[in-house]
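# Architecture at a glance
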Amino acid sequence: MSHSRDPYDRSQEPQTDDVYGQEPWMLDPFADPYTGQTAQTPPEGYTPEQLYAQEPYVPGPETGQMLAQTGYPPRYEGDYQTGEFQGGYEPEFEAWPTADEMRATEPEPEDERAKGGGRMAAAAAAAAAARPRLRRVRRQRGRRLDNTVLVALGLVGAMAVALLLNRPHQWEQPKLAADSSAPTAATVVCPGKPKSGADQVAVTNAAEGSGKVTLNGPGAGNGAETTVGAGKVTSASVKPGSVVVKAGKEVAPGLVAGRSTTKPLAATGCLPPQAEAWFPGIGAGATHNSILELTNPNSGAATVDISLYDEKGVVAVPEDLRGVAIPGNTTRTFDLLHVIPRKGELSLKTTVVRGQAGVMVRDRAVALETQGGSEDYFPGQSTPAETNLLVGYPNKSASRTLTVTNPGDAQVSAELRLLTPKNVLTPEGAPEISVPPNGQTQVDLTKLLGKDSAGDAYGVEIVATGPVATAMRSVDRGDVAITTATETISEPTAVVVPAGGDVGKKRVVISGPVAKTGASGTVKVVPMTAKGKALKAKSVEIGPGLGAEVEVPAEAALIQLVPAGVEVNAAVVMSGDGDAVVPFRPLRSEVRTAGVAPGLPLPLEP
């Protein structure tokens with residue numbers, strides 16, 4: 001009997017003469033596919049034995065000759081019907097008629113001429129009647145799988161076992177320690193000289209290296225070479241232009257350089273090339289003007305994009321400041337009073353889109369009556385942050401202006417706090433700071449930071465609801481000093497400062513971590529002369545909300561800062577013929593490279 005789910009069982013299907021929809025082996029070889037009628041006169045010359053020997057048309061090996069004749073695929077060669085083993089099936093089918101059966105069903109010919117045609121017609125009719133009913137009537141039991149299928153199933157099983165034993169999301173993240181090595185080269189850029197004053201570029205190594213460094217750039221003329229020793233400050237006489245200091249592997253770890261002038265006093269640290277820098281509160285007017293310097297320390301070209309902001313939002317950038325191209329080993333200087341003259345302050349952002357560039361601003365205060373004034377250096381803030389610490393500013397100043405710049409698309413609110421040696425407090429009458437999107441806000445802090453109200457304060461903390469860039473500009477009798485947001489320091493570092501009788505009081509201002517969860521520790525301040533002689537060192541306790549001020553001798557040319565177990569923000573405040581603030585920055589004493597090991601798996605989410 002046929003199985004109810006046998007796909008080859010066609011015994012219950014109605015018979016039709018339509019050739020479409022039928023299997024090729026079911027078609028009558030003598031049927032006309034266009035008329036649907038069987039030819040009345042088959043080809044002559046065929047005997048019943050010849051018809052019986054012919055094989056019907058089959059499409060391929062899977063439904064081949066045995067499928068057409070028996071309704072069931074051929075057996076495997078390993079199947080035997082002898083002995084105790086018996087096949088798993090007994091196909092039942094309607095067999096082809098034998099030659100004698102075909103002759104028995106033939107009608108008697110009327111004459112000799114019709115004899116051959118009658119036999120042929122009878123044989124064709126018998127074959128046509130038997131062929132459509134050939135069918136498979138019993139399904140095989142226990143069919144064997146060929147070797148290819150067995151191998152495939154074995155591979156799938158092995159993979160399943162491997163996945164069960166080592167599930168991807170349970171693999172341990174490979175712990176690849178970052179490689180740490182000393183830098184083999186270092187480059188810092190010193191900005192150009194202000195209008196007046198005795199000028200010098202000082203270079204040293206705050207680590208233990210010694211060797212030669214090269215001075216290039218417009219301020220170095222045709223270039224110069226000097227020897228630098230560990231802890232010894234080497235001064236070089238240079239021209240007013242910018243100077244590029246390059247060191248090899250002997251001096252690169254711990255390279256420190258600075259540029260300063262006296263009478264009037266101005267000082268800054270030489271900085272490595274920066275990808276991005278923010279300068280909140282620059283000027284482009286008659287009494288407050290700024291000069292932007294872009295220095296390319298390499299031989300290849302560099303390109304810098306410049307953005308400007310004011311209280312209303314983004315300011316259209318003039319053509320001269322759009323996609324500034326800087327040829328190799330050159331400096332481009334822009335006097336903003338001539339490039340974009342306007343009343344009121346601006347905030348400036350620089351983005352290096354090609355190559356490398358050292359970026360610095362010289363801020364200028366001009367007296368309209370005498371046309372005299374002074375300049376000081378304005379180092380930029382590398383990245384806006386929600387918490388900004390402005391550490392160190394002159395004790396006396398006729399005006400103090402805080403500028404807060406918001407680079408985001410949403411309005412930001414900020415809270416002002418004062419840093420004192422004992423705690424961090426919100427002063428009475430502190431202004432409410434609200435910064436528009438892509439804009440800036442300026443706050444007058446002259447009265448708030450006066451000696452009567454905040455005589456012991458040494459810094460300002462700005463806590464905002466979004467990332468902001470901040471800077472404070474202090475002006476006293478025509479002299480300008482800039483206090484920018486300082487970077488956090490956890491390892492030993494150093495700065496070079498001008499020394500001698502022209503520089504009066506020097507003090508190191510240190511702010512501890514503001515967060516209550518911050519750690520406490522000690523910070524050691526080590527002043528040194530230009531010849532490398534250590535002066536009297538002092539250690540102070542620093543903790544959350546706890547800061548300190550340490551005075552250093554006037555002859556100190558190098559000041560080392562060594563924190564132990566605590567993160568701090570610090571700067572050197574100098575006074576003489578004017579004021580200057582030089583922030584401490586992390587010392588580049590090592591290069592960290594991510595560990596790479598090929599072939600290790602990465603963990604997947606469960």
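Below you will find a few notes about this structure. Since the structure is predicted, the reported quantities are computational estimates derived from the model, not experimental observations. (Residues numbered from 1 in each chain as written. Predicted model: local features only at pLDDT ≥ 70, side-chain atom pairs only at ≥ 80, totals over all residues. Heavy atoms only, no water.)

## Considering the overall build of the protein chain
- Broken down by element type, the protein chain carries 7 helices and 35 strands.
- Put simply, of all contacts in the protein chain between residues at least 6 apart along the chain, 78% involve residues at least 24 apart.
- If you sum the accessible surface of the protein chain, you get close to 31,700 Å²; carbon and sulfur atoms cover 52% of it. (Helix = DSSP H or I, 4+ residues; strand = E, 2+ residues; numbered from the N terminus. Contact = heavy atoms within 4.5 Å. Areas by Shrake-Rupley, 256 points an atom, 1.4 Å probe, with all protein chains shown as cover.)

## Observations concerning the sheet that holds strand 17 (residues 358-366)
- With antiparallel pairing, the 4 strands of this open sheet are ordered in space as 15-11-17-18. Both outer strands of the open sheet, strand 15 (331-335) and strand 18 (373-378), are each paired with one neighbouring strand and no more. Each adjacent strand pair in this sheet contributes to an overall mean axis angle of 20°, direction not counted.
- As judged from the 6 bridges shared by strand 17 and strand 18, these two strands associate in the antiparallel manner. Opposite valine 361, over in strand 18, you have phenylalanine 378 as the bridge partner. (Pairing = 2+ DSSP bridges. Axes fitted to C-alpha atoms, helices over the stretch in contact; angles between N-to-C directions.)

## A short note on the pattern of salt bridges
- Under the criterion given, the structure shown has 13 salt bridges.
- Note that arginine 362 is salt-bridged to glutamate 293, the shortest N-O span being 2.3 Å. Remark: glutamate 293 occurs in strand 11 (residues 288-295) and arginine 362 occurs in strand 17; sequence separation between them is 69 residues.
- Among the residues examined, glutamate 293 registers a relative accessible area of 5% and is labelled buried.
- Two residues, arginine 362 and glutamate 375, come together in a salt bridge whose shortest N-O distance is 3.1 Å. Of this pair, arginine 362 sits in strand 17 while glutamate 375 is found in strand 18, placing the two residues 13 residues apart along the sequence. (Salt bridge = Lys/Arg side-chain N within 4 Å of Asp/Glu carboxyl O. Buried < 20%, exposed > 50% of the residue type's maximum accessible area, 1.4 Å probe, protein only.)

## Some details on the sheet that holds strand 32 (residues 558-564)
- Read from one edge of the open sheet, 4 strands run 27-32-29-30, paired in antiparallel fashion. Of all the strands in the sheet, just strand 27 (493-496) and strand 30 (538-542) have a single pairing partner and so form its edges. Strand-to-strand twist in this sheet, taken as the mean axis angle between neighbours without regard to direction, amounts to 20°.
- Two strands pair when backbone bridges link them, and strand 29 (residues 521-528) and strand 32 are joined in this way by 7 bridges, in the antiparallel orientation. The residue bridging valine 526 from the neighbouring strand is glutamine 560, located in strand 32.

## Digging into the nonpolar core
- One finds Phe279, Ile282, Leu292, Leu294, Ile306, Leu321 and Leu348 to be the most contacted residues of the largest nonpolar core, which totals 31 residues.
- Among the elements that line this core, the one with the most residues is strand 12 (residues 302-310), at 4 residues.
- Setting aside its immediate chain neighbours within four residues, isoleucine 282 contacts His288, Ser290, Leu336, Glu345, Leu346, Leu348, Val361, Asp363 and Phe378. (Core = buried A, V, L, I, M, F, W, Y, C linked by side-chain atoms within 4.5 Å.)

## Topic: the environment of alanine 182
- Locating alanine 182 in the fold gives a position in the loop between strand 1 (179-181) and strand 2 (186-190).
- Alanine 182 gets classed as partly exposed once you look at its relative accessible area, which sits at 46%.
- Each C-alpha atom, one on alanine 182 and one on glycine 254, is 9.4 Å from the other, the two residues being 72 residues apart in sequence.

## Observations concerning unusual backbone geometry
- With omega at 0°, the peptide bond leading from lysine 263 into proline 264 counts as cis.
- Within the secondary structure, proline 264 is located in the loop between strand 8 (255-262) and strand 9 (266-269).
- At asparagine 438, a residue that is not glycine, the phi angle is positive and equals roughly 50°.
- Along the chain, the position of asparagine 438 falls in the loop between strand 23 (433-435) and strand 24 (439-444).
- The backbone of arginine 477 shows a phi angle near 55°, a positive value even though the residue is not glycine.
- Relative accessible area serves as the criterion here: at 79%, arginine 477 is assigned to the exposed category.

## What about the state of the cysteines?
- Counting across every chain of the model gives 1 disulfide.
- Covalently, cysteine 190 is tied to cysteine 270 through a disulfide, its sulfur atoms 2.0 Å apart. Torsion about the S-S bond of the cysteine 190 and cysteine 270 cystine: about 105°, corresponding to right-handed handedness. Pair noted here: cysteine 190 is in strand 2 and cysteine 270 is in the loop between strand 9 and strand 10 (276-283), with a separation of 80 residues, a long-range link. The exposure classification of cysteine 190 matches that of cysteine 270, with both residues buried. (Disulfide = S-S within 2.5 Å.)

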